[in-house]
Amino acid sequence: MNENYTPKNIDVDLKAAEVRIEWQDGEKSVLPFELLREQCPCAVCGEERKKAAEEPLFIRPMGKAELLADRPAELVGQYALQFFWIDGHNAGIYPFDYLRQLDK
Ligand SMILES: [Zn+2]
């Protein structure tokens, strides 16, 4: 794992609906909730993304891109973040290097 892809600081901004991460190498990522939800790395969402890409008429049942106010996110070990969406979805574990490459 790339050492630089370790957050120095993580900010979950419920008002702006974005997660801001400052990385060890000084780079900063701004990740809107919308993008995080869309790119949820869990198996179910992965399947849906795949289906949506393959079948033009498949409409992906996207959940609400809103995080629980009292428990928006938690660290998973030293390598990932887990988000707690307001509709109960929380199966996605977002490794830091995944988050890092999402902001492009
Ligand atoms: Zn998911």
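Right, let's walk through the structure included here. This is a predicted model, so every value here is computed, not measured. (Residues numbered from 1 in each chain as written. Predicted model: local features only at pLDDT ≥ 70, side-chain atom pairs only at ≥ 80, totals over all residues. Heavy atoms only, no water.)

Ligation of the zinc ion by protein atoms is provided by Cys-40 (SG), Cys-42 (SG), Cys-45 (SG) and His-89 (NE2), these donors lying 2.1 to 2.3 Å from the ion. Its four donor atoms give the zinc ion angles of 102 to 115 degrees at the centre, a pattern that matches the tetrahedral case. Donor residues binding the zinc ion come from one chain and are separated in sequence as C-x1-C-x2-C-x43-H. Using a relative accessible area of 7% as the deciding quantity, one classes Cys-42 as buried. Classification of Cys-45 as buried rests on a relative accessible area of 5%. (Donors = N, O, S within 2.8 Å, 3.2 Å for Na, K, Ca; no water. Tetrahedral: all angles 85-135°; square planar, octahedral: opposite > 155°, others 65-115°. Buried < 20%, exposed > 50% of the residue type's maximum accessible area, 1.4 Å probe, protein only.)

Judged from the six bridges that link them, strand 1 (residues 7–13) and strand 2 (residues 18–23) form a sheet pairing that is antiparallel. Directly across from Asp-13, in strand 2, lies its bridge partner Glu-18. A loop of four residues connects strand 1 with strand 2, the two strands running antiparallel in sequence, and Ala-17 in this loop sits at a positive phi of about 55 degrees. As defined by bridge partners, strand 2 adjoins strand 3 (residues 28–32) across five bridges and the pair is classed as antiparallel. The residue of strand 3 that forms the bridge with Arg-20 is Val-30. In this antiparallel pair of consecutive strands, strand 2 and strand 3, the connection spans four residues, and Gly-26 shows a positive phi of 95 degrees. (Pairing = 2+ DSSP bridges. Helix = DSSP H or I, 4+ residues; strand = E, 2+ residues; numbered from the N terminus.)

A few words on the environment of Leu-75. By the element assignment, Leu-75 lies in strand 4 (residues 73–76). Accessibility expressed as a relative area gives 55% for Leu-75, which makes it exposed. C-alpha separation for the pair Leu-75 and Asn-90, spaced 15 residues apart in sequence, amounts to 13 Å. Excluding residues that lie within four positions of it along the chain, Leu-75 makes contacts with Ile-10, Ala-80, Leu-81 and Phe-96. (Contact = heavy atoms within 4.5 Å.)

What follows is about the nonpolar core. In terms of nonpolar packing, the biggest core is built from 18 residues, with Val-19, Leu-31, Leu-36, Phe-83, Trp-85, Tyr-94 and Leu-99 touching the most fellow members. Of all the secondary-structure elements, those providing two or more residues to this core are strand 2, helix 1 (33–38), strand 5 (80–83) and helix 3 (96–102). Ignoring any residue separated from it by four or fewer positions in sequence, one finds Leu-31 in contact with Glu-18, Val-19, Ile-21, Leu-36, Leu-99, Leu-102 and Asp-103. (Core = buried A, V, L, I, M, F, W, Y, C linked by side-chain atoms within 4.5 Å.)

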